[in-house]
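In case you want the letters, here they are:
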Amino acid sequence: MGLLGWSFSTVAHPSDHEVKVPSGLLNEAADSIGNAQYIRPFLKKLSGLEADQRDKVRVFHIGDSHIQADFFSGEVRNLMQGTFGDGGWGASFPYRLSHTNGPSAVKYSSNIRWKGKRNSLRKPVQETGVSGHSIKSTSDFYQINLKLQDSLRHFDRLWVFAKPSDRAYDFKVGVAKAQAATEKKYIAAPTKVYHKVRSGDNLSSIAKKYGVRVSHLQQWNGMGRKTMIRAGQKLVVKNGDQPSAVSRLKSDDVVWAKVKAQHFGVGMQVFSWDSPQQACLLQGFKKNTQQQESVFTGFYLEDSQAKGIVYSMLGANGAQFRDYNRYPLFFEQLGQLPSDLYVLSMGTNECFDPSYTMVEYKDDMRHFIGQIRKYHPEASIILTTPADSYIGRGSKKRYNPRVKAVHDAMLQISNEQRVAYWDWWAVMGGENGIRAWKKAGYSRDYVHFSAGGYRIQARCFYQAMIRAYEQSGGELLLPPKGLDVKDAMPIDGQYLTPEFLQKIRKEQVAEDKGEAALFSLPNFDQVNWSAISSVFTYQKTRPLLFNSGLFLILFILFYAIYLKWEHIHSFRVIYVTIFSLFFYFKSSGIFFVLLIFSSIVDYYIGNKLYKVTDPKQRKLYLALSVIVNLGLLGYFKYTNFFIDSVNAIAGGHIAHANIFLPIGISFYTFQTMSYSIDLYRKSMKPAESFGDFMFFVTFFPQLVAGPIVRAADFIPQIRQKISLNKRQMTIALTLIIGGLIKKAIISDYISVNFVDRVFTQPTLYSGFENLMAVYGYAIQIYCDFSGYSDMAIGIALLMGFQLPENFRTPYNAFSLTEFWRRWHISLSSWLRDYLYIPLGGNKNGTVRTYINLMLTMILGGLWHGASWNFVLWGTMHGVVLAIERLVKTYWRLPSNAVTRSLGQLYTFHWVCLAWVFFRAGSFAQASTVISRIFTDTTWKQIPVVIMGYKEVFGLIILGYLTHLIPNRWENRFKHTLSIFPVWGRALTLAFVMWCVWQVTSSDVHPFIYFQF
């Protein structure tokens, strides 16, 4: 038995066509939704639709020529609406008026000839909008007739999308009454209008286009009755002497629709009727005699009374992701329409463009997904991989190797961007799979499919969606309408056999009649054990984060037990260490063993180092500790950086090593090194037991992203009696609440909705947008990192441990020297005490002081990441720190409000300039951002950009305002929180979590410093 129960079986199609599927044509094991957890919000809405808790669920299927003909998407629409109900038609476009192919379910006709364009044309005449297409005309009057071909479908709302701010025409939408009469209307023509004859034009078609007579064209151009026209000839089509005469329906014979909404900034108008319609007309009259054009970019039809799926198709022949990205109007208009799911079916055309690199392709996918999330942050996204295809002609047809590259890039982006995918390439047979489809008669040209082939594709996609729905807990129990599944769809190990369905129906009827038992044993067969087991397994893309719901639940359980037994030292050490190792396992998998190994080595060497008295032996042990720690850090973090550098310098082609970078390795490496160094200096005593040392190394609040805790400060706290008072609890809650707001509300929002998009494709944005992205990243990284530090300090304080302060309003610094006393304090002080001072500090002369300073900052930059960008970032800070030190040595600047303001201004902007290289993926990208700022910024951009990103800029300002909050306000909040009862504090924290849930997207975003 094959996929969907097909084994060369005959499958009935809703339109009574039959599709025969040869056995072995499909890979049934691959027919599932990958990363299905990312479409759970959509699947939950489907469940709400089934339970009559929602009226509509809206889907947009966007793609290329595989979609424009509506075979694939149309079949999916039929199947989804057959199962969940028909919610209406949705998006539409007059493909016939645009002189291209498209679905015929909505019929369009017009009194004039329109000129059509699509986004995939390299030199489009006009910008395309929501449909990926557009039609335009300069006619003085036009009428477009729209009619739904299916007599069972209606609409009572119509969205009309046009060129933004296009108000050159009086535009109305209405429905003609029975036996409506026509009338003539004369429109004054402009002084003179010319038309350049194109191949295929004739006088009749030109006259119809401009609403004039052929005799007038002959008269105005001095032509005889038999004079021929030629391509390239310039004809006068309006000269002002003869007004245009047009026939139109009498206004009283048309029921005009109400204008529900207007947004001329994006070219949108919404019209509505009190009763459902099957047809309507759109009329436009030019307001003046200037030669202007009317441009339409799409329509959207909605039946407010219908319930079910609204499945919209937006396809353009030859389209690639970058074609949609070229026109912001596409996303702006799409953002005006409600959507719950986007299905993105592109990639085929990218497979046939060898000049289009995979790097560009990935960037374009990132930008496209980012734009969708900008306008519909709650919508789910599914990428569908392109089918296998051949290149060449005739007997020279051969496998296209770019298909696999495009396929792999799409799967990589789906994991990176946290979107779902459906691997059609694998389902239809993978490499060379198109050969079998061609042989079976389901492919026309080794690229496209026949109508039957697209139906098979649609059914496979539908089947994968239904499986994902059922596995998510959806209550779809009946077989899909129009699909012969027999026993094809398993639910919790059982198949939809007639007997099983009959059993289910009986249970449902019994429940409806109240005959079901009121009390019963829990049905453990229905428990989602896979979801429960995922809590205790490693998932690379889902680390355990402080701002995730899973961590909140686990910490509450952990903390309840901790409070009960924390007074027993041995229990506390073992219990917290085990939880910390589990916390790290959720972030780095099996590499928690590396953490244990590092702890064993440093504990053993540290004890030996402390006991021996021979200076040479002590130095040997210290060197061994440093070599082991830096060796592990160097291997995991810098091996590929070294390979890249060698390749660049020597022109080599050494391949990258497949090395996983354990999260937080830079942080805990510095912590364990501080233990050995402090023991060498005799500034502390060794830990009393290996358990105490493991507790110090693995302590989960600061394990993966700091603050960097020194052994001398933390280990003595382990054996102290834990005493939690009301003041500590209040401070801890304040830090956790503030950290959540900074991380999940401010940092994540401006990152996803603005900063990441600009830095990914800076050339697509204006200079002012690039400048604001730099300012935005400055506050994003501050709120992200300081937010994590605040939460770490707060959680540790709840457990009775003090962690060092890590940030102190760094952007208030008057100099870069002061900035580093306020920014990542635990790192800057570590570099000072364990690197700068051992190098000699400022005790070996002026030149050596500056060398030590530069080395410290360069190595500090390299600590952040294995890239020359980070080296440059550290160098930029080192140079200015050296200059400040030099200036301070020879000049004493006055300290007043003016110098402090100027110092703060210069410090902030130098830090921001350095952030560009810190954030950008390459020198070229950083240079592009800076170039755009200085060469493409105009005053006109500012109000437009501000209005387009009001929420983002509001949060950026809020982030900067956190630097200006007086201490007395913070103390007042702590005092207010301290007098709350326990339930009041819990309610406050719950309210903040609710705000986080409302503002953030469905994905939890990792902390920036996790990568370090």
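About the thresholds
- Residues numbered from 1 in each chain as written.
- Predicted model: local features only at pLDDT ≥ 70, side-chain atom pairs only at ≥ 80, totals over all residues.
- Heavy atoms only, no water.
- UniProt positions renumbered as here; feature names shortened; annotations may be inferred.
- Axes fitted to C-alpha atoms, helices over the stretch in contact; angles between N-to-C directions.
- Helix = DSSP H or I, 4+ residues; strand = E, 2+ residues; numbered from the N terminus.
- Left-handed = near helix turned anticlockwise from the far one by under 90°.
- Contact = heavy atoms within 4.5 Å.
- Nonpolar A, V, L, I, M, F, W, Y, C, P; charged D, E, K, R; others polar.
- Salt bridge = Lys/Arg side-chain N within 4 Å of Asp/Glu carboxyl O.
- Buried < 20%, exposed > 50% of the residue type's maximum accessible area, 1.4 Å probe, protein only.
- Pairing = 2+ DSSP bridges.
- Core = buried A, V, L, I, M, F, W, Y, C linked by side-chain atoms within 4.5 Å.

With an unreviewed UniProt entry as reference, the chain is termed LysM domain-containing protein, source organism Persicobacter psychrovividus. What the UniProt record of the chain gives under Sequence similarities (unreviewed entry) is the line "Belongs to the membrane-bound acyltransferase family."

Caption draft 1: Summary view of the packing of helix α22 (residues 726-760) against helix α31 (residues 950-961). Two elements in contact, α22 and α31, have axes separated by 9 Å at closest approach and are oriented at 145°. Considering only the axes of α22 and α31, their crossing is left-handed. Taking contact as the criterion, the partners of Ile 745, Ile 746, Tyr 749, Ile 750, Asn 753 and Phe 754 in α22 are, on α31, Glu 951, Val 952, Phe 953, Leu 955, Ile 956, Leu 958 and Gly 959. Its residues assigned to classes, the contact of α22 with α31 shows 10 nonpolar, two polar and one charged.

Caption draft 2: Representation of the pattern of salt bridges. Enumeration over the complete set of coordinates arrives at 25 salt bridges. With a closest N to O distance of 2.8 Å, Asp 748 and Lys 743 form a salt bridge. Taken as a pair, Asp 748 and Lys 743 share a single burial class, namely buried. A cluster of three or more residues bridged by salt bridges with shared partners is formed by Lys 45, Arg 54 and Asp 340.

Caption draft 3: Layout of the pairing of strand β19 (residues 279-286). For β19, the tally of buried residues reaches seven of eight residues, placing the bulk of the element in the interior. Both strand β9 (residues 141-148) and β19 contribute to a ladder of seven bridges, which runs antiparallel. By the bridge assignment, Lys 147 is partnered in β19 with Ala 279.

Caption draft 4: Here's a closer look at the sheet that holds strand β16 (residues 254-256). Across the sheet, five strands lie side by side as β6-β9-β19-β11-β16; this open sheet has antiparallel pairing. A single partner strand is all that each edge strand has here, and the edge strands are β6 (106-110) and β16. Taken pair by pair, the neighbouring strands of this sheet meet at an average axis angle of 30°, ignoring direction.

Caption draft 5: Structural detail: the nonpolar core. In terms of nonpolar packing, the biggest core is built from 133 residues, with Met 799, Phe 801, Tyr 811 and Trp 915 touching the most fellow members. Setting aside anything within four residues of it in sequence, one finds Trp 915 in contact with Tyr 777, Ala 778, Ile 781, Tyr 811, Trp 823 and Trp 873. Counting residues in each nonpolar core, the second largest holds 118 residues, with Leu 49, Val 343, Met 346 and Ile 434 among its members.

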